[in-house]
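Structural overview
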Amino acid sequence: MNHLPYKEWLLTEAPLSAEQDDALQEHLRTCEACRQIEPAWMDVKALMQKTPAAEPLPGFS
Amino acid sequence: MIYLEPEVIKQAQKGDTEAFTQMVEAYQRPVFNLCYRMLGEHEEAEDAAQETFLRAYDNLKRYDDERSFSTWILSIAAHYCIDQLRKRRLTFLSMDSFPNLDIPDANPGPEAAYHRHEEQQRVQALLKALNPQDRGAVVLYYWYDFSYDEIAASLSLSVSAVKSRLHRARLALAQTWTEQEAKKYAAERKHHESPAL
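Residues numbered from 1 in each chain as written. Chains lettered and ligands numbered in written order. Predicted model: local features only at pLDDT ≥ 70, side-chain atom pairs only at ≥ 80, totals over all residues.

1. Re the interface of chain B and chain A
A common measure of how large an interface is: the accessible area buried when the components associate. Each partner contributes to the interface: chain B provides 26 residues, whereas chain A provides 19 residues. For the side of chain B that touches chain A, the secondary structure elements donating two or more residues are α2 (17–39), α3 (42–59), α5 (110–127), α6 (132–144) and α8 (159–193) of chain B. Residue classes in the side of chain B that touches chain A are distributed as 14 nonpolar, five polar and seven charged. (Contact = placed C-beta atoms within 7 Å. Helix = DSSP H or I, 4+ residues; strand = E, 2+ residues; numbered from the N terminus. Nonpolar A, V, L, I, M, F, W, Y, C, P; charged D, E, K, R; others polar.)

Shown next as structure tokens:
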């Protein structure tokens, strides 16, 4: 099965057009591999967003 | 992102050490965080941040004030860290040899500190699945809100290369996450299934 452009659409930060979104949802109904990517990427992104910036120890500068 | 008065940078370019100190104080946290995300180890990140400021000091006269100062200094840090990661590979200190992370926490309750530490470890374990330049692109995009153009300028890549590296990195991160979750699930299952006798 050709997973392009679906992987691209699953992982893009840009909004999808209505047509792209429809095509993606259709693909996800039949593709287990792509269906796993979306929640995994959402979890990774949520983790990165909630992980604060690391800071140097006091007295660093 | 930090904003530093252009006048301070101009003074530092003229050799004013007080202005340079002000610059270091303003940028030490973002520079350190970038180095830490890239290298995954506290002490090494501090050394890299110090090296970044030394290089900035040596090259300050070449800084073009038409360009964002944040982009310029983070670019120095990113290049330095990418070089360090490449050297690690050459000396066979593989990415798998990431040391344990030790993030200081200003006011840790034991449980909160434990969770924060776990999260930091998890993030670093994910980032180390990426090659140095992909890692740099992810860190600049997700921790610094850099645009594609800014990442391209910082990492000496084309904008299309940045986009394709970010796409590849997101896919790798999602796949690594799925593998980690599967391992975690298998370990928990094994633990619960261990015979009582």
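Structure's up, so let's keep going.
2. Notes on α5(B)
For α5(B), built from 18 residues, the straight-helix expectation of 26 Å at 1.5 Å per residue is met to within 8% by its first-to-last C-alpha distance of 26 Å. If you check which residues of α5(B) are buried, you get B:Gln120, B:Val123, B:Gln124, B:Leu126 and B:Leu127. Along the long axis of α5(B), the arc covered by the buried residues comes to 160°, so they all point the same way. In α5(B), the exposed residues that point more than 90 degrees away from the buried face are B:Pro110, B:Glu111, B:Tyr114, B:His115 and B:Glu118. On its buried side, α5(B) packs onto α3 (32–50) of chain A together with α2, α6 and α8 of chain B. (Expected span 1.5 Å × (residues − 1). Buried ≥ 20, exposed ≤ 12 C-beta atoms within 10 Å, placed from the backbone. Arc of directions from axis to C-beta.)

3. Details of the packing of helix α7 (residues 148–155) of chain B against α8(B)
All names here are of chain B. Their axes nearest at 8 Å, the elements α7 and α8 cross at an angle of 100°. The orientation of α7 relative to α8 falls into the category roughly perpendicular. Residues Tyr148, Asp149, Ile151 and Ala152 of α7 touch α8, and the partners they reach there are Val159, Val162 and Lys163. Looking at the contact of α7 with α8, its residues break down into five nonpolar, no polar and two charged. (Axes fitted to C-alpha atoms, helices over the stretch in contact; angles between N-to-C directions. Parallel < 35°, antiparallel > 145°, perpendicular 65-115°, else oblique.)

4. With respect to the confidence of the model for chain B
Residue and element names in this part refer to chain B. On average, chain B scores 87 in pLDDT, and the residues at 70 or more come to 88%. Mean pLDDT per element in chain B: α5 is the minimum at 85, and α3 is the maximum at 95. Below a pLDDT of 50 lies the segment residues 92–103, which in the model reaches 15 contacts outside its immediate sequence neighbourhood of four places, other chains included. With pTM at 0.80, the complex prediction returns an ipTM value of 0.88. (pLDDT = per-residue confidence, 0-100.)

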